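Next come the chains, spelled out residue by residue.
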Amino acid sequence: MKKERKPINSIALLMILLAIICVATHLIPAGMYERIESAGRMIVNPDSFAFIEGRGAGILDYFLAIPNGFANATALCFGFMVGAGTLEVIQETGALNVGISRMIKRIGTKHGDLILIIMFYMFAVLGGFVGFVEGCIPFWPLAISIALALGYDAIVGVAISMIGACSGFLCGPTNPSSVAISQAIGGLELYSGIWLRLVLFAVVPLVCLAYIMWYAKRVRKNPEKSYMAGIDTSDLAFDTEQFGTQAFTKTHIAILTVYILGLLLFVYGAIQFGWGFHHMSAIFIAIAVLTAVIGRISTDGAISAFAKGCAGMINACLLLGIAYGIAWVLAQTNVLDTIVYYFSQPLQGKPPVISLIGILIVIMLINLLIPSGSAKAAIVMPIIFPIAQIINLTPQTAVLAYQFGDGITNMCGPLYGTLLLVCAMGKVPFSKWERFFIPLLLILTGLAFAFLFFAQSIGYC
């Protein structure tokens, strides 16, 4: 009997990738663009690239990358751990299990598709109009658990969460991250050209949802066709039979109300006041304390539950630390600007259609190294806009190309900490996720080419 090959561990995969990057820094010369201030933001001067003295990463740098990566991801890791700890305290009261089990029982598992669709579009709206991907993180463990309780696998829960938020973010009708910053750098009116992005929002998330539902229905009909076959995720699901018979008390209602109000407070604060992960952590800690008081959990019991939840996120935090460590190596060796320079050179002097395809591909490749939309815009767009002008691409079309390149690879980039996190939440090995996502990657890339050609043909502005 042929032995089944186990998927490569995600942490091992990143450690291998870190080693490859360290070796590559000896082959890629160091270089740097000058940074200038524009509209209150530091951007690159596209005509200023120069090679500089540099050194490749050594063996010590390989190991130093991990603690330095953790140092740069501290707020993110702590926020994830505190969020998981808070959920564990809530679980201790039974409020979440009983409440969701009752909801599923009332709606019926036959209408599970409807629940998935509602969750998907909730994340898509937050991603597209508010620029929230990381801001959706507090909701994702629930989405994964609900998907499992409805008879789907963990990949469905991860896809509803991650692809939902990222497909909306990609279209970005009013995305303050990729669209607003790119338009500011290009001197365009804020959120101009929104009509085409609204059309995108009507099409792209729908295509993504159709793909997810195709896989979800196939898995529910025949669990053996799941890419997660043989991987135990039973501890992530709600047992609707066990909890559905328990009473849903006023205490449960009060606890869930506190939890929901806390999440809404964070969303409001992030939109209105620019709150970040420290604020999210503070709100979660407050929710955990209030839950323990309302649920009459002993001090020892609450702390033990909180610590248990935090411990469950160690694997995800390790992934984040290593991913950020790779970014640290690229920054320390000054090869990132060189990579951007080499990628941008072939785009010059080509016909508009070829250059348009090239811009998209280049941004997708750069996104694998710089997942942050705002950071990448400040580096890439000052280079892309002059190229677009030379080949007669409208600035708005260049922004659209940036949106596609930034958004599509966020759903499959091995260095994107948020993707690694949500996969860890659902116990989905990264290799399994890539197997699931690659067909959709090809579909979305084809859609991107179609929309970009259309935008260029009508002189989109």
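Residues numbered from 1 in each chain as written. Predicted model: local features only at pLDDT ≥ 70, side-chain atom pairs only at ≥ 80, totals over all residues. Heavy atoms only, no water.

### Topic: the overall build of the chain
Okay, step 1: Secondary structure summary: the chain contains 20 helices and four strands in total.
Okay, step 2: Against the compact-globule benchmark of 23 Å for 461 residues, the chain has a radius of gyration of 23 Å, which places it among compact chains.
Okay, step 3: Taken along its principal axes, the extent of the C-alpha atoms in the chain is 70 × 60 × 50 Å.
Okay, step 4: Residue burial in the chain is summarised as follows: out of 461 residues, 54% are buried.
Okay, step 5: Taking the intrachain contacts of the chain between residues at least 6 apart in sequence as the baseline, contacts between residues at least 24 apart amount to 81%.
Okay, step 6: Of the roughly 20,000 Å² of accessible surface on the chain, a fraction of 66% belongs to carbon and sulfur atoms.
Okay, step 7: If the 25 positive side-chain charges of the chain are averaged to one point and the 21 negative ones to another, these points end up 11 Å apart. (Helix = DSSP H or I, 4+ residues; strand = E, 2+ residues; numbered from the N terminus. Rg over C-alpha atoms; globule rule 2.2 N^0.38 Å. Buried < 20%, exposed > 50% of the residue type's maximum accessible area, 1.4 Å probe, protein only. Contact = heavy atoms within 4.5 Å. Areas by Shrake-Rupley, 256 points an atom, 1.4 Å probe, with all protein chains shown as cover. Lys, Arg positive; Asp, Glu negative; His and termini not counted. Charge placed at Lys NZ, Arg CZ, Asp CG, Glu CD.)

### So, the confidence of the model for the chain
Okay, step 1: Summing up the model confidence of the chain, the mean pLDDT is 85 and the portion of residues at 70 or higher is 92%.
Okay, step 2: Per-residue pLDDT, averaged within each element of the chain, yields its smallest value for helix α10 (residues 240-243) (59) and its largest for helix α9 (residues 194-221) (95). (pLDDT = per-residue confidence, 0-100.)

### With respect to the packing of helix α18 (residues 395-409) against helix α20 (residues 430-457)
Okay, step 1: At their nearest, the axes of α18 and α20 sit 10 Å apart, and the two run at 175° to each other. Taken together, α18 and α20 sit at an angle that is classed as roughly antiparallel. Where α18 abuts α20, its residues T397, L400, A401, F404 and I408 lie against F437, L441, L444, T445, A448, F451, L452, A455 and Q456.
Okay, step 2: Residue composition of the contact of α18 with α20, by class: eleven nonpolar, three polar and no charged. (Axes fitted to C-alpha atoms, helices over the stretch in contact; angles between N-to-C directions. Parallel < 35°, antiparallel > 145°, perpendicular 65-115°, else oblique. Nonpolar A, V, L, I, M, F, W, Y, C, P; charged D, E, K, R; others polar.)

### Observations concerning the pattern of salt bridges
Okay, step 1: Scanning all chains against the criterion turns up three salt bridges.
Okay, step 2: In this structure, D61 and R55 form a salt bridge, with 2.8 Å as the shortest nitrogen-oxygen distance.
Okay, step 3: In this structure, the salt-bridge partner of E88 is K308, at a minimum N-O distance of 3.8 Å. Of this pair, E88 sits in helix α3 (residues 74-93) while K308 sits in helix α13 (residues 299-311), placing them 220 residues apart in sequence.
Okay, step 4: Take E88: its relative accessible area is 21%, and that puts it in the partly exposed class. (Salt bridge = Lys/Arg side-chain N within 4 Å of Asp/Glu carboxyl O.)

### Comments concerning α20
Okay, step 1: Here α20 is 28 residues long and its end C-alpha atoms lie 38 Å apart, about the 40 Å a rise of 1.5 Å per residue gives.
Okay, step 2: Where α20 bends most, the angle comes to about 40°, and this point is F437, followed within four residues by the proline P439.
Okay, step 3: The positive-phi residue at the C-terminal boundary of α20 is G459, with phi of around 65°. (Expected span 1.5 Å × (residues − 1). Bend = angle between axes of the 7 residues up to and from the residue.)

### Some thoughts on the nonpolar core
General note: in soluble globular proteins, nonpolar side chains tend to be found buried as a group.
Okay, step 1: Counting residues in hydrophobic clusters, the biggest one holds 153 residues, and the most contacted among them are L116, W140, I163, F404, W433, F436 and F437.
Okay, step 2: Those residues in contact with W433 that sit more than four places away from it in its chain are I155, V158, A159, I163, M411, C412, L419, C423 and V428. (Core = buried A, V, L, I, M, F, W, Y, C linked by side-chain atoms within 4.5 Å.)

### Observations regarding the environment of V179
Okay, step 1: Structurally, the position occupied by V179 is in helix α8 (residues 178-185).
Okay, step 2: Residue V179 is classed as buried on the basis of its relative accessible area of 0%.
Okay, step 3: Placed 15 residues apart in sequence, V179 and I194 show a C-alpha to C-alpha distance of 10.0 Å.
Okay, step 4: Among all residues touching V179, those that are not within four sequence positions of it are G172, Y191, R197 and Q403.

### Comments concerning the packing of aromatic side chains
Okay, step 1: As enumerated under the stated definition, the model contains 20 aromatic pairs in all.
Okay, step 2: Between the aromatic rings of F120 and Y121, the centroid separation amounts to 5.4 Å while the plane-to-plane angle is 85°, which identifies the pairing as edge-to-face.
Okay, step 3: For F120, a relative accessible area of 0% corresponds to the buried category.
Okay, step 4: Members of the aromatic cluster, joined through ring pairs, are Y211, W214, Y215, Y227, W433, F436 and F437. (Phe/Tyr/Trp six-rings, centres within 6.5 Å; stacked < 30°, edge-to-face > 60°.)

### Structural notes on unusual backbone geometry
Okay, step 1: Look at R296: it is not a glycine, yet its phi comes out positive at around 55°.
Okay, step 2: Under the relative-accessibility criterion, R296 is labelled exposed at 77%.
Okay, step 3: If you check the backbone angles, K427 has positive phi at about 60° while not being a glycine.
Okay, step 4: Structurally, the position occupied by K427 is in the loop between α19 (417-425) and α20.

### Quick look at the side chain of D337
Okay, step 1: Its place among the elements puts D337 in helix α15 (residues 336-344).
Okay, step 2: For D337, a relative accessible area of 7% puts it in the buried group.

### With respect to the side chain of T93
Okay, step 1: Looking at where T93 falls in the secondary structure, it is placed in helix α3.
Okay, step 2: Residue T93 is classed as buried on the basis of its relative accessible area of 17%.
Okay, step 3: Look past the residues within four positions of T93 in its chain and what remains in contact with it is H252, I255, T291, G295 and I297.

### Overview of the state of the cysteines
Defined simply, a disulfide is a covalent bond joining two cysteines at their sulfur atoms.
Okay, step 1: All chains considered together, the criterion is met by zero disulfides.
Okay, step 2: Its sulfur unpaired, C317 is 3.9 Å from the next cysteine sulfur, which belongs to C77.
Okay, step 3: With relative accessibility at 4%, the residue C317 sits in the buried group.
Okay, step 4: No disulfide involves C423; its nearest neighbouring cysteine sulfur is the one of C412, lying 11 Å away. (Disulfide = S-S within 2.5 Å.)

### Considering the environment of C22
Okay, step 1: Locating C22 in the fold gives a position in helix α1 (residues 10-24).
Okay, step 2: Note: C-alpha distance between C22 and A57 (35 residues apart in sequence) is 5.2 Å.

### A short note on helix α12 (residues 277-294)
Okay, step 1: The terminal C-alpha atoms of α12 lie 25 Å apart, and with 18 residues this matches the ideal 26 Å at 1.5 Å per residue to within 8%.
Okay, step 2: Among all positions in α12, only M280, S281, I283, F284, I287, A288, T291 and A292 are buried.
Okay, step 3: Of the surrounding secondary structure, the elements contacted by the buried residues of α12 are α3, α11 (250-273) and α13.
Okay, step 4: The first or second residue beyond α12 is R296, which carries a positive phi of 55°.

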